[in-house]
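Working through the structure, step by step
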Amino acid sequence: MITKNKMVSVSYELRTEQNGELLEAAGADRPLDFICGQGQTLEYFEMNLLDKNEGDKFDFSIPAAHAYGLVNEDMIVDLPQEIFKDVEAEEMVVGHVLPMMDSVGRRLQGKILSIGDEEVRIDFNHPLAGKDLFFKGEILGVRDATDEELEALHSHKCGGVVAVVLKEVADPTTRAADAEDVTKYIRNTFYFLCPVIL
């Protein structure tokens, strides 16, 4: 039975509409493996799997607010054209997603919304922000996580997390003093952003 600290293996299909286009899938040959209750997957994804057993099938939806959040207009910012001067021309296309980095080395993904003479409008919202998620799949395996697996998980929690800088303002459960504080924080942080040249 799926409970905290169980190693869970699932196959699934993800859509943003009940019978919409397949967005992502994990088959039985390459399933999603995670340790329940350790923040490796969406909280409401795990909540819908609690108490299920190997062989059980699932079919549920997660509202946008409990998935990747609603679209936050403060995450859409205008950045100076000059910081993109070293980016290849073929990368500077509306709709393209650019890897970026802030002044302390934290990496972000920004989607180009428009390109003006002096500024480029970038959207730092999660690509699935504002979208309900529809999951369908099967529990392939449930077992106790080993001490080694738990230890390895905890040792990796301190590094390599993309867009940590956005968590405080993107997480709907975390609130700043007021909207003005949130906007000021984001504007000041994004002012120091620069593209990552690969």
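Because the structure is predicted, anything quoted here is derived from the model rather than measured. (Residues numbered from 1 in each chain as written. Predicted model: local features only at pLDDT ≥ 70, side-chain atom pairs only at ≥ 80, totals over all residues. Heavy atoms only, no water.)

Quick look at the packing of aromatic side chains
In this description, an aromatic ring pair is defined by two values, namely the gap between the centres and the angle between the planes. Stated precisely, the cut-off is as follows: When the centres of two rings from Phe, Tyr and Trp lie within 6.5 Å, Trp using its six-membered ring, the rings pair. Their planes under 30 degrees apart give stacked, over 60 give edge-to-face, and anything left gives tilted. Only DSSP runs of H or I covering at least 4 residues are called helices, and only runs of E covering at least 2 are called strands; the numbering of each starts at the N terminus. Burial classes: relative accessible area under 20% of the type maximum marks a residue as buried, over 50% as exposed, and values in between as partly exposed (1.4 Å probe, protein chains only).
Across all of its chains, the model carries eight aromatic pairs by this definition. When the centroid spacing of 4.9 Å and the interplanar angle of 65 degrees are considered together, the rings of F45 and F135 count as edge-to-face. Of this pair, F45 sits in helix α1 (residues 43-47) while F135 sits in strand β9 (residues 133-144), and the two are 90 residues apart along the sequence. When its relative accessible area of 6% is taken as the criterion, F135 is described as buried. Taken together through their ring pairs, the aromatic side chains of Y12, F34, F45, F58, F60 and F135 make up a single cluster.

Thoughts on the nonpolar core
For soluble globular proteins, the rule of thumb is that nonpolar side chains tend to be buried together. Let me state the cut-off plainly: We call a set of buried residues a nonpolar core when its members are Ala, Val, Leu, Ile, Met, Phe, Trp, Tyr or Cys and they connect through side-chain atoms within 4.5 Å of each other. Note on contacts: a residue pair qualifies if any of its non-hydrogen atoms lie within 4.5 Å across the two residues.
With 19 residues, the main nonpolar core has V10, F45, L49, F58, L133 and F135 as its most contacted residues. Sorting the residues of this core by element identifies β1 (6-15), β4 (57-62) and β9 as the ones contributing at least two each. Sort the elements by how many residues they give to this core and β1 lands first, with four residues. Contacts of V10, omitting those with residues within four sequence positions, involve A26, P31, L32, F34, F45, L49, F58, E138, I139 and L140. Counting 13 residues, the second largest nonpolar core, distinct from the first, contains V77, F84, L98 and I112.

Here we look at unusual backbone geometry
One non-glycine residue, N5, lies in the positive phi region at around 70 degrees. Considering the arrangement of structural elements, one finds N5 in the segment before β1. Of note, D51 is a non-glycine position whose phi angle comes to about 70 degrees, a positive value. Note that D51 resides in the loop between α1 and β4.

Quick notes on the confidence of the model for the chain
This is how it is decided: pLDDT runs from 0 to 100 and stands for how confident the predictor is about each residue.
Of the residues in the chain, 77% have a pLDDT of 70 or more, and the chain-wide mean is 81. Low pLDDT (under 50) marks residues 158-183, which in the prediction has 25 contacts with non-local residues, meaning those over four places away or in another chain.

What about the environment of K131?
On the secondary structure map, K131 appears in the loop between β8 (119-123) and β9. On a C-alpha basis, the gap between K131 and H66 in space is 10.0 Å, while along the polypeptide they are 65 residues apart. If near-sequence neighbours (up to four positions away) are discounted, K131 is found in contact with T16, A64 and A67.

What about the pairing of strand β6 (residues 97-101)?
Going by this rule: Only when DSSP finds a minimum of two bridges between them are two strands counted as paired.
Residues of β6 alternate between two faces, with L98 and M100 buried on one and V97, P99 and M101 left unburied on the opposite face. Where β6 meets strand β7 (residues 107-115), five bridges bridge the pair, whose relative direction is antiparallel. Across the sheet, P99 pairs through a bridge with Q109, a residue of β7.

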